[in-house]
Amino acid sequence: MERWTFVEEALKILQAIKHEDYYVKMGLAWAISIFYIKQPQLTLPLLQENNLDDFTHNKAIQKIRESFRVSKEMLNGLKRK
């Protein structure tokens, strides 16, 4: 089994979680940011589809940018107001 074969399924599960608790949203954002840092080509569609609530979406982008391991320019257009 390849190392990252679970990413697509994990992203579907993360995307399906709908909860208003701050820590749930922060956990989702953190998990999405880690997946993006490690597998951007598989995670970018999740951010482009806009299926996450605004807080989780923007927090995930913030966490990705804070990692200093990815190009910030590509993420600039994805942040919501």
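See the structure above.
Residues numbered from 1 in each chain as written. Predicted model: local features only at pLDDT ≥ 70, side-chain atom pairs only at ≥ 80, totals over all residues. Heavy atoms only, no water.

1. Some details on the overall build of the protein
The cut-off we apply is this: Only DSSP runs of H or I with at least four residues qualify as helices, and only runs of E with at least two residues qualify as strands; both kinds are numbered from the N terminus onward. Between the two quantities, the radius of gyration covers C-alpha atoms and the globule rule is 2.2 Å times the number of residues to the power 0.38. When a residue's accessible area, from a 1.4 Å probe over protein chains only, is under 20% of the maximum for its type it is buried; when over 50% it is exposed; and in between it is partly exposed.
Assigned secondary structure in the protein consists of five helices and zero strands. Listing the helices and strands of the protein from first to last along the sequence gives α-α-α-α-α. The C-alpha radius of gyration computed for the protein amounts to 12 Å, which stays within 12% of the reference 12 Å derived for 81 residues, consistent with globular compactness. Judged by the C-alpha coordinates and their principal axes, the protein covers about 40 × 30 × 20 Å. Looking at the protein residue by residue over its 81 residues, the buried ones come to 41%.

2. Concerning the pattern of salt bridges
Opposite charge on two side chains makes pairing possible when the charged atoms of those side chains draw close. We apply this condition: The term salt bridge refers to a pairing of a side-chain nitrogen on Lys or Arg with a carboxyl oxygen on Asp or Glu at a separation within 4 Å.
Considering all chains together, one arrives at three salt bridges under this definition. Between Glu20 and Lys25 there is a salt bridge, and its shortest N-O distance comes to 3.3 Å. The partner of Lys63 in a salt bridge is Glu66, and the shortest N-O contact between them spans 3.5 Å. Taken together, the residues span about one helical turn, with Lys63 and Glu66 both in helix H4 (residues 54–66) at a distance of three residues.

3. Details of the environment of Leu46
Worth spelling out the cut-off: A contact between two residues is defined here by any heavy atoms of the two lying within 4.5 Å.
Looking at the element boundaries, Leu46 is found in helix H3 (residues 40–49). Looking at Leu46, the relative accessible area reads 4%, which means it is buried. Taking the C-alpha atoms as reference points, Leu46 and Tyr36, separated by ten residues in sequence, lie 9.5 Å from one another. Apart from residues lying up to four places away in sequence, Leu46 is in contact with Leu11, Gln15, Ile32 and Leu52.

4. A closer look at the nonpolar core
For clarity, the threshold we go by: Within this scheme, the nonpolar core is defined by two criteria: the residues are buried Ala, Val, Leu, Ile, Met, Phe, Trp, Tyr or Cys, and they are joined through side-chain atoms within 4.5 Å.
Counting residues in each nonpolar core, the largest one holds 21 residues, and the members touching the most others are Leu14, Ile32, Tyr36, Leu47 and Leu75. With seven residues, helix H2 (residues 22–38) is the largest single contributor of residues to this core. Residue contacts for Leu14: discarding those within four places in its chain leaves Leu28, Ala31, Ile32 and Phe35.

Just geometry here; none of it tells us what the structure is for.
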